[in-house]
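This is what each chain is made of:
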There are 2 protein chains.
Amino acid sequence: MTRTLADELARVAGREHVIADPEVRASYERDVTGRYRGEAALVVRPARDQLPGVVRACAAAGAAVVPQGGNTGLAGGQIPLGGAVVLRLDRLDAEPRIDRAAAQARVEAGVTLADLQRALAGTPYEFAVDHGARSAATLGGMAATNAGGSQVFRHGAMRAQVIGLEAVLADGSVVTRTSGLIKDNVGYDLPGLLVGSEGTLGVITELVLRLIPRRAHRLTGLLGVASTEQAVELLAALRDRVPSLVACELFFPEGMELVSAHRQVEPPFRIETGAYVLLECAGDEPPLDELAAGLEHAPRPTAEAFADDTAGRERLWLFREAHNEALNAAGVPHKFDVTVPLDRIARFEREVRRAVEPSRAVVYGHLGDGNLHVNVLGPPPEDTEIDALVLELVASHGGSISAEHGIGQSRRAFVPLGRSPADIAAMRAIKHALDPNGILNPGKLLPALVV
Amino acid sequence: MTRTLADELARVAGREHVIADPEVRASYERDVTGRYRGEAALVVRPARDQLPGVVRACAAAGAAVVPQGGNTGLAGGQIPLGGAVVLRLDRLDAEPRIDRAAAQARVEAGVTLADLQRALAGTPYEFAVDHGARSAATLGGMAATNAGGSQVFRHGAMRAQVIGLEAVLADGSVVTRTSGLIKDNVGYDLPGLLVGSEGTLGVITELVLRLIPRRAHRLTGLLGVASTEQAVELLAALRDRVPSLVACELFFPEGMELVSAHRQVEPPFRIETGAYVLLECAGDEPPLDELAAGLEHAPRPTAEAFADDTAGRERLWLFREAHNEALNAAGVPHKFDVTVPLDRIARFEREVRRAVEPSRAVVYGHLGDGNLHVNVLGPPPEDTEIDALVLELVASHGGSISAEHGIGQSRRAFVPLGRSPADIAAMRAIKHALDPNGILNPGKLLPALVV
């Protein structure tokens, strides 16, 4: 079957874009953390207009397809299982088209976040979602997983940026909602449904994205605070008082040490501190006065460093953004990406550290949304008890078991912690309706059906 | 059957909440414009916890159910067809719960927009969607139709405000996504799918809504401009330069005359003008300086009036908001609610007036989103040729046949003008998956299946 399918895919996409060699395939079969490894029958790199034919060929052969963007996902959603065909979307990388009058960008699925940011340099606009994996993460993958990042509490996650999209469905048909009209109230919100569906309902090929006005001035501040409680109080004091605040990140001394050692950089201040809060402001006026006025209402920091130039700001952001990379260098962590209501953050942070002992938790995240990344170093990758332990703790605080990384492979067994049987049944019904033969990214997102 | 169903519904919801009397039923069977009239077998007014039982009873009897909020919809979506059971949701009206820390409101489906606005008075927050039917329109109905209004180009329509919801599905099961977590990336976006589904996929019973900071200062301006082209130029000049601009509305001398005569009010200025633009600004500082600076880049108005006090602002808004009421008094208009790309607005406005001659078009709308309400007075209600004429013109300009009113009964035949066969097939598959027996609001939203 594979032999025939390879020929058929070569006919549709060109032989040079069908990869069967196991060594070349290998990089598409494992994720950056080393936790998720699978096996692909083939990797195919279609051009955009070849995608419907590729999906039809796979459907005809009964072969599962796994869309893959930049392979930066942290939940294993993009990793093939049991010999699926990987649809690598890197040839869908036409130059982004910026519509200044409408404040919209039109991008193909394989365009990276950094590419879009470059295309917007010199325009009065920027893109509202940003995160540390910008150089490799593609906008198609970010939409498919409803990626979040640091500015969600101000601007929303990917779903809030997607005005329209084009996608190839399981039967090779193409849904096109790319008019770019903000008000277009004709039937069900298929774009919103496809965003966050992790390739299980369709393959996103193009996006029409909302842009936001670029602010003339940016300011980054790194503050030491005595405790997690004080970090939460700080956010509460600033959120409404400082409209220019667009990011409010949290990390701890353990992460500062990890990043400093890994990157061989000196922390901006060396002082005993309970937690670090990284603030980013963006305004038409320099935001320092507004931020300073807001900080009058917040707990006094133990130490602080500010920068309003690009190099200085990047130096401060590095301590937050290099956490993931430093952790990957330190081992294969159990990665958790959870939301906890703000009034439970401090308690949860204490409890989760205790719960995973004697393993060690490295905690950081997007305080503005109550989104914590809990990384547990120590237990072997196949230890699912630690997963249950942490996620049940999250659920007991009314939190979410996946804030922004999605479900992928890693969390599907735990979906019932966050979704009721009626909810899961409705999701299954939608999946079955749009992909009756289950060829789109099987083994991801929905929990295994127990019969 | 109806007799048995009435008894069963009385058992679930109480006999006093099951209305069979044709005279009492009548007000639930027709819309405010007089265009849509139908027949209900019964009207039932369940409490929230009775709703699953009511839906199950109707499903068991094979009776269709039509959810109805404030009966302010303009597309006939809330009007029963062929003896369906009307689910009147006015008993789902618990006092809104405002969570100040999270900047969220939790409301039952039958709460009106005006009720929510009252509940928010005295808090630092407001609700981002507003429109003229606020005193009767319910938030459940607004969510079910993805209502828009005047501030969409800044804050999005209803879907962008819905953080979570509870809904009863066709089998009486309840989907609950009301944690209020901003980042909760666990599976498909059922809330976003239910928003705008017009009661065809489920009955929304509760909403968790995003709130926005209330700005201390508001300013309303009514400007006369020489032409529709100049109105569009005005918007382009102000949109990015005036961040405090939250509404930019358009109407014409014919509407000004209609409203002035109907409400017996004097226009703020009497001067030959091609079009009127109504601007609303909201800022932490008085917005006049910012607006004046923006207007330096715009075509010079022929006349202007400003108000920053509540009474004065309401006087100016009246000329825009009383259009619908004045039109209903003037006849039974063919109402169109369309979006046209901004660079086509002026041309479309000229063409549509010519196209409907000798009938008369009254045009107004939300310029900020390219959303025009075209009301054609003259042709009899059953004249569908005029509908086809106008909507095909919209489609030829790359516009949307329904901007914010939804599809309901009125536009279902025209859905193929805005959605491809693959798109409609996907919507049908979802409808069938979630409502296999077709009991939820049949004859609405999806085009009739031609076999």
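Residues numbered from 1 in each chain as written. Chains lettered and ligands numbered in written order. Predicted model: local features only at pLDDT ≥ 70, side-chain atom pairs only at ≥ 80, totals over all residues. Heavy atoms only, no water.

Student: Let's hear about the interface of chain A and chain B: which residues, and what values?
Tutor: Across the boundary between the two partners, chain A contributes 68 residues, which contact 68 residues of chain B. When the area that chain A buries against chain B is broken down by residue, the three leading residues are Lys183(A), Asn185(A) and Tyr188(A), summing to 21%. A salt bridge links Asp189(A) to Arg159(B), with the shortest nitrogen-to-oxygen separation between them at 3.4 Å. Taken together, the links from chain A to chain B amount to 36 residue pairs in polar contact (both at pLDDT 80 or more). Sorting the residues of the side of chain A that touches chain B by element identifies strand E9 (174–177), helix H8 (190–194) and helix H16 (421–434) of chain A as the ones contributing at least two each. Broken down by element, the residue count for the side of chain A that touches chain B peaks at nine residues, all from H16(A). (Contact = heavy atoms within 4.5 Å. Buried area = accessible area lost by both parts, 1.4 Å probe. Salt bridge = Lys/Arg side-chain N within 4 Å of Asp/Glu carboxyl O. Polar contact = N/O pair within 3.5 Å; in protein donor to acceptor, adjacent residues only side chain to side chain. Helix = DSSP H or I, 4+ residues; strand = E, 2+ residues; numbered from the N terminus.)

Student: Go over the packing of aromatic side chains with me, naming the residues and quoting the values.
Tutor: Tallying each qualifying case throughout the model produces four aromatic pairs over all chains. Considering the side-chain rings of Phe251(A) and Tyr276(A), the 5.1 Å spacing of their centres and the 15 degrees angle between planes classify their relative orientation as stacked. Placement of Phe251(A) in strand E13 (residues 245–251) and of Tyr276(A) in strand E14 (residues 275–283) is noted, with a sequence separation of 25 residues between them. Here Phe251(A) and Tyr276(A) have matching classes, each one buried. Relative to Tyr276(A), the ring of Phe269(A) has its centre 5.9 Å away and its plane inclined at 25 degrees; by these criteria the two rings are stacked. Here the two residues Phe269(A) and Tyr276(A) agree in accessibility, since each one is buried. Each member of the aromatic cluster is reached from another via a ring pair, and the members are Phe251(A), Phe269(A) and Tyr276(A). Taking the ring centre of Phe252(B) as reference, the NZ or CZ of Arg353(B) above it sits at 4.9 Å. (Phe/Tyr/Trp six-rings, centres within 6.5 Å; stacked < 30°, edge-to-face > 60°. Buried < 20%, exposed > 50% of the residue type's maximum accessible area, 1.4 Å probe, protein only. Lys NZ or Arg CZ within 6 Å of the ring centre and 35° of its normal.)

Student: Give me the lowdown on the relation of the copies chain A and chain B, citing residues and values where you can.
Tutor: When chain A is brought onto chain B, the operation consists of a screw motion whose angular component is 180 degrees and whose axial shift is 0.0 Å, with 0.0 Å RMSD remaining. In short, the pair behaves as if placed about a two-fold rotation axis. In this assembly the copies share their binding face: 100% of the residues contributing to the interface of chain A also contribute to that of chain B. (Least-squares fit on C-alpha atoms with pLDDT ≥ 70 in both.)

Student: Describe the nonpolar core, with residues and values.
Tutor: By size, the foremost hydrophobic cluster in this structure holds 169 residues, and its most contacted members are Phe127(A), Leu139(A), Phe127(B) and Leu139(B). Ignoring any residue separated from it by four or fewer positions in sequence, one finds Phe127(B) in contact with Leu113(B), Leu116(B), Leu120(B), Leu139(B), Met142(B), Met158(B), Gln161(B), Leu209(B), Arg210(B) and Leu211(B). (Core = buried A, V, L, I, M, F, W, Y, C linked by side-chain atoms within 4.5 Å.)

Student: Explain helix H10 (residues 253–263) of chain B to me, using residue names and the numbers behind them.
Tutor: Inspection of H10(B) places Glu254(B), Gly255(B), Met256(B), Leu258(B), Val259(B) and Ser260(B) among the buried residues, and these make up the whole buried set. Backbone geometry just after H10(B) places Gln264(B) at a positive phi near 55 degrees.

Student: Break down the sheet that holds strand E3 (residues 65–68) of chain B for me, with residues and values.
Tutor: Residues and elements named next belong to chain B. Pairing within the open sheet is mixed, and its four strands lie in the order E1-E2-E4-E3. Two strands lie at the open edges of the sheet, namely strand E1 (18–19) and E3, each paired on one side alone. Relative to strand E4 (residues 84–88), strand E2 (residues 40–44) runs parallel, the two being bridged by four bridges. When the bridges of E4 are listed, Val-44 appears paired with Leu-87. With respect to the sheet, helix H3 (residues 51–61) is in contact with E2, E3 and E4, its orientation differing from that of E4 by roughly 175 degrees. (Pairing = 2+ DSSP bridges. Axes fitted to C-alpha atoms, helices over the stretch in contact; angles between N-to-C directions.)

Student: Residues and numbers for the environment of Pro243(A), please.
Tutor: Here Pro243(A) lies in the loop between helix H9 (228–239) and E13. Pro243(A) has contacts with Arg154(A), Glu290(A), Arg215(B) and Asp284(B), leaving out every residue within four places of it along the chain.

Student: Hey, could you go over the pattern of salt bridges for me, with residue numbers and the actual values?
Tutor: Throughout the structure, instances matching the rule amount to 63 salt bridges over all chains. Here Arg214(A) ties to Glu126(A) by a salt bridge, and the two come within 3.7 Å at their closest N and O atoms. One end of the pair, Arg214(A), is in the loop between strand E11 (212–213) and strand E12 (217–225); the other, Glu126(A), is in strand E7 (residues 125–126), with 88 residues separating them in the sequence. Between Glu249(B) and Arg320(B) there is a salt bridge; the shortest N-O distance is 2.7 Å. Of this pair, Glu249(B) sits in strand E13 (residues 245–251) while Arg320(B) is found in helix H12 (residues 310–321), placing the two residues 71 residues apart along the sequence. Under the relative-accessibility criterion, Arg320(B) is labelled buried at 7%.

Student: Could you give an account of the side chain of Asn71(B), naming the residues involved and the relevant values?
Tutor: All names here are of chain B. Mapped onto the fold, Asn-71 is located in the loop between E3 and E4. Within the structure, the side chain of Asn-71 is placed 3.3 Å from the backbone oxygen of Ser-27, a separation counted as a polar contact. Of the polar contacts made by the side chain of Asn-71, one reaches the backbone oxygen of Arg-30; its length is 3.0 Å.

Student: Quick rundown of the sheet that holds strand E16 (residues 334–339) of chain A? Include the residues and the values.
Tutor: Residue and element names in this part refer to chain A. On the basis of which strands lie adjacent, the open sheet formed by seven strands has the order E15-E12-E14-E13-E17-E18-E16 and antiparallel pairing. Strands at the two margins of the open sheet, each flanked by one partner only, are strand E15 (303–307) and E16. Averaged over all adjacent pairs, the angle separating strand axes in this sheet is 15 degrees, with direction ignored. Sheet analysis places E13 next to strand E17 (residues 360–366), joined by three bridges and oriented antiparallel. Looking across to E17, one finds that Leu-250 is bridged to Gly-365. Contacts from helix H10 (residues 253–263) reach E12, E13, E14 and E17, with the element oriented near 95 degrees to E17. Lying on the sheet, helix H15 (residues 385–396) is in contact with E16 and strand E18 (371–377); it crosses E16 at an angle near 10 degrees.

Student: Which residues make up the pairing of strand E18 (residues 371–377) of chain B, and what values go with them?
Tutor: Residue and element names in this part refer to chain B. Within E18, seven of the seven residues are buried, which leaves the element mostly enclosed by the surrounding structure. Residues Asn-371, His-373, Asn-375 and Leu-377 of E18 are buried on one face, and the alternating residues Leu-372, Val-374 and Val-376, pointing to the opposite face, are buried as well. Note: strand E16 (residues 334–339) against E18, six bridges, orientation antiparallel. Residue pairing across strands places Thr-339 opposite Asn-371, the latter belonging to E18. Counting the residues that bridge the hairpin from strand E17 (residues 360–366) to E18 gives four residues, and of these Gly-370 lies at a positive phi of roughly 70 degrees.

Student: So what's going on with unusual backbone geometry? Which residues, and what values?
Tutor: All names here are of chain A. Here the amide bond leading from Glu-357 into Pro-358 is cis, since omega sits at 10 degrees, within 30 degrees of zero. As for its position among the elements, Pro-358 is in the loop between helix H14 (345–356) and E17. A positive phi angle is found at Ala-103, which is not glycine, with a value near 55 degrees. Tracing the backbone through its elements, the reader meets Ala-103 in the loop between strand E5 (97–99) and strand E6 (104–108). Its relative accessible area of 10% is what places Ala-103 among the buried residues.

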